[in-house]
Amino acid sequence: MSLAPFAIAALQLISTASQSPEQAAQDYDRRITPEVLVVRSTAPSVVYIETDVKQVVRTWLGDTERMAQSSGSGAVIFDQGYIVTNYHVVRGANAIRVSFDKTYDDKVYEARLISYVAEEDLALIKIDGPSPFPTVPLGISSDLMIGEKVLAIGNPYGQTNTVSSGIISGLHRELEIPAENLSFTNLIQTDASINPGNSGGPLLNITGDLIGINAAMRTGAENIGFAIPIDRVVQVLEEHLLSTRLAAAWLGFEVDEATAEKLIACATGIGAGTNGI
């Protein structure tokens, strides 16, 4: 039997024991990088989204329906539980479930689709619970610099609260996604890892501000991911998705939350008939 593991363990114990508590604290503090601070401040507001989607499966006996699951990410932007994500994450969902990293909140919340703009691949969903929920601060994307450090937080392949880092590799990128009927003209390109399940999650600058919503990756390439700039996200929120928190001011009269959501849904195309208006 090799004694190497025991020797290494002994060396680690000796090294730790030789440090004073003050030295150990200083060494720990030196490991707290700007990236660590960003994760600490923003990770509580990043959510894991699971959906149930009805699919039609063709068999030799004919078409049958089955319920399939898909997943993505999102970011809480209003503390009443409003979450922005990609529309393709929640499109056609019969049920939407939202969870935070269990370190911060171990509940699973049922979410509802408030509004969406399919051609922008953006959607607003809402969860109900004990407010306030943690939120991510909104930054700006008009002053982004190529080479600037960024972080992506999301749930690739179901691995919740995964963090990847990189830089801004390019700006104003064009991208066609024929399968989704999407055409983008002003995306942020990053080499931070963007994988299936990261869609809808935040792209953050080194001060922890939300500068983009991760939306796509280049299939067959390595480290070529794309995010929708936050300036565009904010514009779509203001013009189409709205929030019930701001609805009364924008609509010009006072309404309760339930009525405001119905009005938002009608204004953004979800439908008056289904909302009783």
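None of the values given here were measured: they were computed from a predicted structure.

How each quantity is defined
- Residues numbered from 1 in each chain as written.
- Predicted model: local features only at pLDDT ≥ 70, side-chain atom pairs only at ≥ 80, totals over all residues.
- Heavy atoms only, no water.
- Core = buried A, V, L, I, M, F, W, Y, C linked by side-chain atoms within 4.5 Å.
- Buried < 20%, exposed > 50% of the residue type's maximum accessible area, 1.4 Å probe, protein only.
- Helix = DSSP H or I, 4+ residues; strand = E, 2+ residues; numbered from the N terminus.
- Contact = heavy atoms within 4.5 Å.
- Pairing = 2+ DSSP bridges.
- Axes fitted to C-alpha atoms, helices over the stretch in contact; angles between N-to-C directions.
- Phe/Tyr/Trp six-rings, centres within 6.5 Å; stacked < 30°, edge-to-face > 60°.
- Lys NZ or Arg CZ within 6 Å of the ring centre and 35° of its normal.
- pLDDT = per-residue confidence, 0-100.

Within the largest apolar cluster, 29 residues are counted, with the highest numbers of intra-cluster contacts made by Ile77, Leu122, Leu124, Ile228, Val233 and Leu241. For this core, the elements supplying multiple residues, two or more each, are strand S2 (62-78), strand S3 (82-85), strand S5 (108-117), strand S6 (122-127), strand S9 (182-190), strand S11 (210-217), strand S12 (225-229) and helix H5 (230-241). A total of 5 residues in this core trace back to one element, the largest contributor, which is H5. In this structure Val233 touches Val84, Leu122, Ile213 and Ile228, once residues within four positions along its chain are discounted. Within the second largest apolar cluster, 16 residues are counted, among which are Ile49, Val89, Val90 and Ile96.

Let us look at the sheet that holds S12. Spatial ordering of the closed barrel is given by S7-S8-S9-S12-S11-S10, a layout of 6 strands whose pairing is antiparallel. Strand-to-strand twist in this sheet, taken as the mean axis angle between neighbours without regard to direction, amounts to 50 degrees. When S11 meets S12, the two strands line up antiparallel, connected through 5 bridges. Within the sheet, the bridge partner assigned to Asn214 lies in S12 and is Ala227. Each of strand S7 (149-154), strand S8 (162-177) and strand S10 (202-205) is contacted by helix H3 (residues 34-42), which is oriented at about 35 degrees to S7, the strand it contacts most. Contacts between H5 and the sheet are confined to S11 and S12, with S12 contributing the most and set at about 45 degrees to the helix.

This structure, assessed with the given rule, holds 5 aromatic pairs. Ring centres 6.1 Å apart and planes at 85 degrees place the aromatic pair Phe100 and Tyr109 in the edge-to-face group. For Tyr109, a relative accessible area of 6% puts it in the buried group. Plain terms: the ring middles of Phe100 and Phe133 are 5.9 Å apart, the flat faces sit at 10 degrees to each other, and that makes the pair stacked. A residue pair is termed long-range when its members are at least 10 positions apart, and Phe100 in strand S4 (residues 93-100) and Phe133 in the loop between S6 and S7 qualify at 33 residues. Given the relative accessible area of 5%, Phe100 is considered buried. Against the face of Tyr82 rests Lys126, its NZ or CZ located 5.2 Å from the ring centre.

The next subject is the confidence of the model for the chain. Caution applies to low-pLDDT parts of the model: their predicted coordinates are not meant to be read in detail. With 77% of its residues at a pLDDT of at least 70, the chain reaches an overall mean of 84. At the level of individual helices and strands, the chain shows its lowest average pLDDT in helix H6 (residues 244-251), which scores 46, and its highest in S10, which scores 98. pLDDT under 50 marks residues 247-253. Its contacts with residues more than four places away, or in other chains, come to 11 contacts. Low confidence marks residues 271-277, where pLDDT is under 50. Its contacts with residues over four positions away, or in another chain, come to 11 contacts.

Most of S7 is tucked away, with 5 of its 6 residues classed as buried. Inspection of the sheet shows S7 paired to S8 by 6 bridges, in the antiparallel sense. Note that in S8 the partner of Lys149 across the bridge is Ile167. As paired elements, S7 and S10 share 3 bridges and run antiparallel to each other. Counterpart to Val150 in the pairing with S10 is Asn205.

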